[in-house]
Amino acid sequence: AVESMRAHASENPYDGLRVSRVEMARNVNYAHVPCWLDCDPGHDDAFAMYAAGWGGWRDDDGRIVAMSALVGVSTVAGNQTIEKTTYNAARVLKWLNLDAIVPLIEGASKPLLREAKVCEEIHGESGLDTRDAIDALPGVSDRDFQNMKQKHAVVAVEIFETWKRLYDMDEQRLVIVATGPLTNIATFCLTYGQVISQITHGQSHTKGPKIVFMGGAMERGNTGSRAEFNIQCDPEAAKIVLESSFEVIMVPLEVTHTALVTEDVLRRLQNAAAVGAYNKRGGQITELLDFFKMTYQRVFGFKHPPLHDPCAVWCALTEHVETLQRDAFTGDVERVDVECQSQLTYGQTVLDCWGTSTKPKNVKVMKRMNVEWFWKFMCGAIRNHSEQCEPYDN
């Protein structure tokens, strides 16, 4: 399947890349979920790319029920600078054997109105540091890196054109999964919100792209007393997205903090990566998560690190499968506003938990996740990749 997609992409190196994975999935008898991932790699973003590129779900009889179809990756400054997050995204795509299949678009280098900030204390100088300072993932040459990036491409334009083609094909709705600051997605909403409303005859909430983002918190934040990092980086962008006409789903810290990489979970991920006696990929996974564990212990006092970003990908997939929709997540549609003024709490996602606001409810806030199912999903993504692709050497 991978080689077929590579051949298809080489025949049509720009347009075909965008939806080749979806087109190939049209003849299968399970749901395929077209996913555009906007990210800032970042250790947990790397695993979100894993989930979006190779994730799926099987029923109790082993039959595939749904698969993610990663149709594009865009980057944003957040966990590190835009130069580093884009380079890291290229490395991860190569690691996942998706570098010739999935287009990579470099996005915003700074928030809409504020100065950029990075999270070096968690992700290290490169954004994908390891404990022994040896790169866990394969490198990408300058020439290959430039070839991987879509030259002169603009994230908002690419997302719109991807959504429009899928809409015209009467395919599944595009899901935008955002795991970093929402700068790129806000630009998309401002640029194309009205256009999509006109195309869908005012039904952009149900026929426009669905936006699932990892970020925000119902109570305590992680980079401020009440603010979560992604929202605090660009609260104005978050406000635009949450007040857009599109369907928006929030996967907050209270949910992602339950996805802890315990020793047992790490063993399961390593075993999923094993192909016979050869487990190079399992070692790479361990190196990434070992550094993540070390920094989370030092900064936050966590015994086990939470793997935030893949939770949003898992949520996006479950929204398209009725049985998973009922049992994988529990959430409610709430009024959520973003604090942009206070120097103490800017970036806070304020939930109208008592229903006193006169503003319309605008965000589905996930409040609980079936953690065992999430790890089953992640192990399945790693296993799917390991069974179909040989690991790259550094």
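Residues numbered from 1 in each chain as written. Predicted model: local features only at pLDDT ≥ 70, side-chain atom pairs only at ≥ 80, totals over all residues. Heavy atoms only, no water.

1. Some remarks on the pattern of salt bridges
Right, so step 1: Applying the stated criterion to the full structure yields 18 salt bridges.
Right, so step 2: Between R268 and E372 there is a salt bridge, with its nearest N and O atoms 3.0 Å apart. Of the two residues, R268 sits in helix α13 (residues 263-273) while E372 sits in helix α17 (residues 371-388), which places them 104 residues apart along the sequence.
Right, so step 3: A relative accessible area of 23% means that R268 is categorised as partly exposed.
Right, so step 4: Sharing partners across several salt bridges, the network here consists of K239, E243, R335, D337 and K359. (Salt bridge = Lys/Arg side-chain N within 4 Å of Asp/Glu carboxyl O. Helix = DSSP H or I, 4+ residues; strand = E, 2+ residues; numbered from the N terminus. Buried < 20%, exposed > 50% of the residue type's maximum accessible area, 1.4 Å probe, protein only.)

2. Points about the packing of helix α8 (residues 183-199) against helix α11 (residues 235-242)
Right, so step 1: For the pair α8 and α11, the least separation of the axes is 8 Å and the interaxial angle reads 45 degrees. One finds that α8 runs oblique with respect to α11. The way α8 lies across α11 gives a crossing that is left-handed. Two secondary-structure elements touch here, α8 through T183, I185, A186, C189 and L190 and α11 through A237, I240 and V241. (Axes fitted to C-alpha atoms, helices over the stretch in contact; angles between N-to-C directions. Parallel < 35°, antiparallel > 145°, perpendicular 65-115°, else oblique. Left-handed = near helix turned anticlockwise from the far one by under 90°. Contact = heavy atoms within 4.5 Å.)

3. Brief notes about α13
Since there are 3.6 residues in each turn of an α-helix, residues three or four apart along the chain are aligned in direction.
Right, so step 1: V265, L269, A272 and A273 are the residues of α13 that are buried. Down the axis of α13, the sector holding all buried residues measures 100 degrees, keeping them to one side.
Right, so step 2: Buried residues in α13 make contact with α14 (280-300) and α17. (Arc of directions from axis to C-beta.)

4. Considering the confidence of the model for the protein
When pLDDT is low, close inspection of the predicted coordinates is not appropriate.
Right, so step 1: Within the protein, residue pLDDT values average 90, and 90% of them lie at 70 or more.
Right, so step 2: In this model residues 1-19 is a low-confidence stretch, pLDDT under 50, and it forms 42 contacts with partners more than four residues away in sequence or in other chains. (pLDDT = per-residue confidence, 0-100.)

5. Here we look at the nonpolar core
Right, so step 1: By size, the foremost hydrophobic cluster in this structure holds 79 residues, and its most contacted members are L37, M49, V73, L269, I285, W314 and W375.
Right, so step 2: Among the elements that make up this core, the one with the highest residue count is helix α3 (residues 43-54) (eight residues).
Right, so step 3: Dropping the residues within four chain positions of it, W375 is found in contact with A259, L260, V261, V265, R268, L269 and L307.
Right, so step 4: Within the second largest apolar cluster, 36 residues are counted, among which are V71, V155, L166 and C340. (Core = buried A, V, L, I, M, F, W, Y, C linked by side-chain atoms within 4.5 Å.)

6. Examining the environment of E236
Right, so step 1: Residue position: E236 is located in helix α11.
Right, so step 2: Considered as a pair, E236 and P360 are 124 residues apart in the sequence and their alpha carbons are 19 Å apart.
Right, so step 3: If we ignore the near neighbours within four places in the chain, the residues touching E236 are L112, L113, R114 and C340.
Right, so step 4: Looking at E236, its side chain comes within polar contact range of the side chain of R114, at 2.9 Å. (Polar contact = N/O pair within 3.5 Å; in protein donor to acceptor, adjacent residues only side chain to side chain.)

7. Concerning the environment of N79
Right, so step 1: Summarising the element assignment, N79 is placed in the loop between β3 (64-75) and α4 (82-95).
Right, so step 2: Between the C-alpha atoms of N79 and M49, which are 30 residues apart in sequence, the distance is 15 Å.
Right, so step 3: Residues contacting N79, with those up to four places away along its chain left out, are D40, G42, D44, D45, V118, C119, E120, H123 and F229.
Right, so step 4: Within the structure, N79 has its side chain in polar contact with the side chain of D45 (distance 2.9 Å).

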